[in-house]
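# Secondary and tertiary structure notes
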Amino acid sequence: MSAAAAPVAAVRPKVDQDAAPWRRVPLVAVGGTVLAGIALPLVLARISIGDYLITLLILFFMQAVVAQSWNLIMGYGGIYSFAQVALFAVGGWTTAVLAHSLGWNPFIAMLFSPLVALLAAVGIGLPTLRLRGVYVVLLTLAFHELARVFAVTGPRFISGGGYGLVSVPTFSFGNAVGQQRTIYLYYLAMVIFGIATFAIWRVIHSPLGVAVTALRDSETYAVSRGINQFRIRMILFAISAFFTGLAGGYMTHYNGGISTSVFDFPRLIDLLAMIVIGGWGTFAGPILGAAIIIGLDQYLVAIGDYRALFEGLILAGIAVFAPQGLWPVLRKTYDRYLGPEPPGPPAPGLPAPAQAVEEIPEIQRGGGLS
Amino acid sequence: MSTQFVQAVWGGVLFGSAYGLMALGLTLVWGAVRLLNLAHGALFVVGAYAAYWVVAFLHLPILVGLPFGVLAAAAFAYAMHMVFIRPVIGKPGFDNSTLVATVGISIAVSAAALLIFNPQYKVVPPVLSGSTIVAGVQITYQGLLVIGTSLALFAIVYLFLTYTRQGMAIRAVSQQTEAASLMSIPVVQTYGIVIAISGALAGLAGVLLSPSFFLSPNSGFHPLIQALIVTIFGGLGSIRGALVAGFILGVFESFVEVFYGVGWAQPGVFVLIILMLIVRPNGLFGIGEVRRL
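Residues numbered from 1 in each chain as written. Chains lettered and ligands numbered in written order. Predicted model: local features only at pLDDT ≥ 70, side-chain atom pairs only at ≥ 80, totals over all residues. Heavy atoms only, no water.

Moving on, we get to the overall build of chain B. Tallying secondary structure elements over chain B gives eleven helices and two strands in all. Along chain B, from the amino end to the carboxyl end, the secondary structure elements read α-α-α-α-β-β-α-α-α-α-α-α-α. Across the 293 residues in chain B, those meeting the buried criterion constitute 56%. Counting only contacts in chain B whose residues sit at least 6 apart along the sequence, the fraction spanning at least 24 positions is 75%. Accessible area for chain B stands at about 11800 Å²; split by element, carbon and sulfur atoms hold 71% of it. (Helix = DSSP H or I, 4+ residues; strand = E, 2+ residues; numbered from the N terminus. Buried < 20%, exposed > 50% of the residue type's maximum accessible area, 1.4 Å probe, protein only. Contact = heavy atoms within 4.5 Å. Areas by Shrake-Rupley, 256 points an atom, 1.4 Å probe, with all protein chains shown as cover.)

Here it is as C-alpha cells:
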C-alpha cells in the first residue's frame, strides 16, 4: 500500500472561463486602482482644498461600505431589512462605550464593533429572517425604533443624557497632526473599504452568493434544490452587519462621538438612494451611488431644504422608471465602446450553449381581501 | 373599578380605534393591489396638513377642513398611483420598485410639508371639543368621535366590499386578477380606486387623530409603523383582522402604559408581535403565507 493508496491530491476542477466571467478581472485594473488610492492623498495634499477632498473621500469610503453591505442583503438577498442604520449605530456605540467609559484604545475598541453588530444581527435575524417581505420591513423598522429609543433613554453610559456620546477619543497616529493625520485616517478608511469590498465581492461570487441569487430569483426552485434558505440568509445578514458595524466603529472615532441623530430617517434614505441610484443588486452600483450622492451633496447644500424633496422624487422616479439604476447603463456603454471583444461564436462541433431558459410565468398569487 | 383600570380601558379603546383607522387603508391596499404602501403615513400627513391649511389660512371651521383633508389625501393617493404605481403594475420587480418609490414619496411629502409650513408643531382643532368625566377619567368627545368613526368606517368598507358592484370588482381583482380582467373588469382602474379610497381613509385618520398626536412634517412615521404592526398582527389584507388587532394592541398598550409606565408600551407591543408571528405567522385572520410577497 504505497503508490496506489497515496491520497489523491484534491484537484479543483478548472473553472471554465466563459462560465465564470468574474474570474476575468484584470489584475492591472485592480492594482492600478489600489495604487491610485494610495497615491491620491499625497497628490491632493498639495492642493489648497486637498484636505477637504480627502475628508470627502473618507466619507465616501465609509458610506460605500455601509451601502454595499445593505445592497448585499437587500439587492442580492432580497431581504427588505431596514435595520442597516441601527446596526451601524450598534457598531458605533460599542466602540464608543468601550473607549469612552472603559478608556480603551480606539484601535482595539473598534475591533469589537463588527462583532457586536454581528451578534445584534443574529438577534434580529432569528425571528425575522424566516419571514418574508413586509414582515421583514416591519420587524427591522421596529428594531431601528427600539434601538433609537434605547439610545435616547438608556442608561447614562450609553445615552449620554439623551444626545449620544460626545468626547469619544479619536484615532491618534503617533504624533501626527493636521494634514498628516488626515492622510493616515484616509488610509485606514481605505483599508476598511478595500477589505469590505473584496469580501463582498468574494461572497457574491461564491457558492453562497449564487445560492442567494437563486433564492431571490426563484425561491421555490432554489429551496427544492436543497438550499437552506434560513441559514443562507442568516450568514448573509451576519456578513452585512459585520462590515456595517465596522464602518460604524470607524465613523465614531473619526467624528469623536456618536449622536442619536444617526437614527434620523434622512440618513437611511441617503443610503437607500445610493443603492437605488447606483444599481440595486449590482456589485459596483452602491459604490457608484455613494460617490454620486456624496459628490452631489456638496452642490445640493445650496438648495437646502429642497434637497430632501428632490431626493425623494428622484428615488421614486428611478425605482419606477429605471429600476436597474445607473451602473448597468455605464457597464453597457463600456462594453460597447471600450470593452474587450465578446467571445466569438462556439467552435463548430461543440454543442451550442444552452439558450436562455424560457421565462416561467410567475404563479398567480391568490389571497385577496377577506 | 379603580380609576386606573377605567383609564386603561378608555385609552385602550381609543388607541385601538385609532390604530384600526390607520390600518384599514393599508390592509385594503395590500389585499387588493398587493402594494406595501410605505407612503401611507405620508397620506396621513397630507390629509392633516390640508385640514390645517383650511383652518389656519382660510379661517374656516374644521368641519370644512375635514372633508377637504380627506379629498386632498385621496387625490394625492390617486396621483401617486397614476405616476408611480401604474407604470410598474404587472411587471417583474413590482415589489422592489413600489417599496422604494413609496419610501421616496414619503420623504418628498415630509420635505414639502417642511417647505410649505414650518417644522413647528401644528395644532389641528378637534372636530368636537369638550369632555366629560366618567369614574374619574376624562372622556373627550373627540375621542368618542374617533371610536365611532372608526367602527362606522369598518362597517362601511365591509358593506362596500361585500354588496356593491364596485366592491365586488375590487374583491374579484384581488382574488384572481386575470379572471377578473377576462370578465372585463378594468383592473388598473380598480387599483386606482382602491388606492384613492385608502388615501381618503388615511386622510380622515390624519384629520381626526392629529389633534391628539400633534402635526409636524414627520408625523407620518409613527402612524405608519402602528398601521403596519396592526395590519401584520391582524393578517395582511384582512379587514376584520385590522379591526380586532387594533383593539387588542390598543388595549394591551394602554394597560402596559398605565400599569408599567410609558417606556414599556412600545417594547411590549413589539414583543407581543414577535410572539404572534411565531405562533401564527400569518396574523390573526391571515390567509396562507405562501401566497404572499
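What follows picks up the thread again.
Turning next to the overall build of chain A. On a plain count of helices and strands, chain A comes out with 14 helices and two strands. Relative to its 370 residues, chain A shows a buried fraction of 48%. A separation of at least 24 residues holds for 78% of the contacts in chain A among residues at least 6 apart in sequence.

Side chains that are nonpolar tend, in soluble globular proteins, to be buried together. Residue and element names in this part refer to chain A. Ranked by internal contacts, the top residues of the largest apolar core, which has 182 residues, are Trp70 and Tyr250. For this core, the element with the highest residue contribution is helix α2 (residues 50–76), accounting for 15 residues. Of the domains in this structure, domain 1 (62–263) and domain 2 (278–337) are the two that each give at least three residues to this core. In this view, tyrosine 250 contacts Ile58, Met62, Met110, Phe171, Leu185, Tyr186, Leu188, Ala189 and Ile192; residues no more than four positions away in its chain are not counted. Membership of the second largest hydrophobic core comes to 16 residues, among which are Ala89, Ala99, Ala151 and Val262. (Core = buried A, V, L, I, M, F, W, Y, C linked by side-chain atoms within 4.5 Å. Domains from an automatic or database assignment.)

Another point: the interface of chain A and chain B. Listed per partner, the contact involves 40 residues of chain A and 57 residues of chain B. The junction of chain A with chain B conceals about 4500 Å² of combined surface from both sides, 74% of it contributed by carbon and sulfur atoms. In this structure, the connection of chain A to chain B is made through zero salt bridges. Applying the counting criterion to the chain A and chain B interface returns one residue pair in polar contact (both at pLDDT 80 or more). Elements represented by at least two residues in the side of chain A that touches chain B include exactly α5 (133–153), α11 (265–278) and α13 (306–321) of chain A. When residues of the side of chain A that touches chain B are assigned to their parent elements, the largest contribution, eleven residues, is made by α13 of chain A. In terms of residue class, the side of chain A that touches chain B is built from 28 nonpolar, eight polar and four charged. (Buried area = accessible area lost by both parts, 1.4 Å probe. Salt bridge = Lys/Arg side-chain N within 4 Å of Asp/Glu carboxyl O. Polar contact = N/O pair within 3.5 Å; in protein donor to acceptor, adjacent residues only side chain to side chain. Nonpolar A, V, L, I, M, F, W, Y, C, P; charged D, E, K, R; others polar.)

With that settled, the discussion passes to the pairing of strand β1 (residues 131–134) of chain B. Residues and elements named next belong to chain B. Bridge count between β1 and strand β2 (residues 137–140): four bridges; the pairing is antiparallel. By the bridge assignment, valine 134 is partnered in β2 with valine 137. Counting the residues that bridge the hairpin from β1 to β2 gives two residues, and of these alanine 135 lies at a positive phi of roughly 50°. (Pairing = 2+ DSSP bridges.)

Turning next to the side chain of histidine 40 of chain B. Residue and element names in this part refer to chain B. Along the chain, histidine 40 falls in helix α2 (residues 40–57). Judged by relative accessible area, which is 4%, histidine 40 ranks as buried. Residues in contact with histidine 40, not counting those within four places in the same chain, are Met22, Gly25, Leu26, Ser198, Ala202 and Leu224.

By the secondary structure assignment, threonine 177 of chain B is in helix α7 (residues 177–182). Taking the C-alpha atoms as reference points, threonine 177 of chain B and alanine 32 of chain B, 145 residues apart in sequence, are found 9.5 Å from one another.

So, about helix α6 (residues 165–175) of chain B. All names here are of chain B. Within α6, the full set of buried residues consists of Gly167, Ala169, Ile170, Val173 and Ser174. Mapping the buried residues of α6 onto a view down its axis gives an arc of 160°, with all of them on the same face. The inward-facing, buried residues of α6 abut α1 (3–33), α5 (141–163), α7 and α8 (187–213). (Arc of directions from axis to C-beta.)

Enumeration over the complete set of coordinates arrives at 21 aromatic pairs over all chains. Pairing phenylalanine 60 of chain A with phenylalanine 193 of chain A gives two aromatic rings, centres 5.9 Å apart and planes at 50°, and the pair type is tilted. Residue phenylalanine 60 of chain A is located in helix α2, and its partner phenylalanine 193 of chain A is located in helix α7 (residues 178–204); the two are separated by 133 residues in the primary sequence. With 5.5 Å between their ring centres and 70° between their planes, phenylalanine 5 of chain B and phenylalanine 255 of chain B make a pair best called edge-to-face. Highlighted residues: phenylalanine 5 of chain B in helix α1 and phenylalanine 255 of chain B in helix α10 (residues 239–260), separated in sequence by 250 residues. Owing to a relative accessible area of 33%, phenylalanine 5 of chain B belongs among the partly exposed residues under this scheme. Ring pairs connect the aromatic residues Phe60, Phe61, Tyr186, Tyr187 and Phe193 of chain A, which therefore count as one cluster. (Phe/Tyr/Trp six-rings, centres within 6.5 Å; stacked < 30°, edge-to-face > 60°.)

Residues and elements named next belong to chain A. The final tally for this structure, using the stated rule, is two salt bridges over all chains. Here arginine 148 and glutamate 145 are joined by a salt bridge, their closest N and O atoms 3.0 Å apart. With arginine 148 and glutamate 145 both in helix α5 and three residues apart, the pair spans about one turn of that helix. Classification of arginine 148 by relative accessible area gives partly exposed; the value is 30%.

A few words now on the confidence of the model for chain B. Predicted confidence across chain B gives a mean pLDDT of 83, with 97% of residues reaching 70 or more. For the stretch residues 289–293 of chain B, pLDDT sits under 50, and the model shows 21 contacts to residues farther than four places along the chain or on other chains. (pLDDT = per-residue confidence, 0-100.)

Moving on: the packing of α13 of chain A against helix α4 (residues 94–116) of chain B. It is the contact of α13 of chain A with α4 of chain B, at a shortest axis distance of 7 Å, that shows an interaxial angle of 160°. Regarding the angle of α13 of chain A to α4 of chain B, the classification is roughly antiparallel. Where α13 of chain A crosses over α4 of chain B, the two elements pack in a sense that is left-handed. Taking contact as the criterion, the partners of Tyr306, Ala308, Leu309, Gly312, Leu313, Leu315, Ala316, Ala319 and Val320 of chain A in α13 of chain A are, on α4 of chain B, Ser97, Val100, Ala101, Gly104, Ile105, Ile107, Ala108, Ala111, Ala112 and Leu115 of chain B. (Axes fitted to C-alpha atoms, helices over the stretch in contact; angles between N-to-C directions. Parallel < 35°, antiparallel > 145°, perpendicular 65-115°, else oblique. Left-handed = near helix turned anticlockwise from the far one by under 90°.)

Residue and element names in this part refer to chain A. On the surface, a nonpolar cluster with roughly 560 Å² of combined accessible area is contributed by Leu102, Trp104, Ile108, Leu111, Phe112 and Leu115. Among the secondary structure elements, phenylalanine 112 is positioned in helix α4 (residues 106–128). Overall, the relative accessible area of 34% leaves phenylalanine 112 in the partly exposed class. (Patch = residues over 30% accessible without salt bridge, like charges linked within 9 Å, V, L, I, M, F, W, Y side chains within 5 Å.)

Once that is clear, we can look at the confidence of the model for chain A. All names here are of chain A. Put simply, chain A has an average pLDDT of 79, and 84% of its residues get 70 or more. When pLDDT is averaged over each element of chain A, helix α10 (residues 229–255) comes out on top at 90 and helix α6 (residues 156–159) at the bottom at 70. A low-confidence stretch, residues 1–5 (pLDDT under 50), is modelled with zero contacts involving residues beyond four sequence positions or located in other chains.

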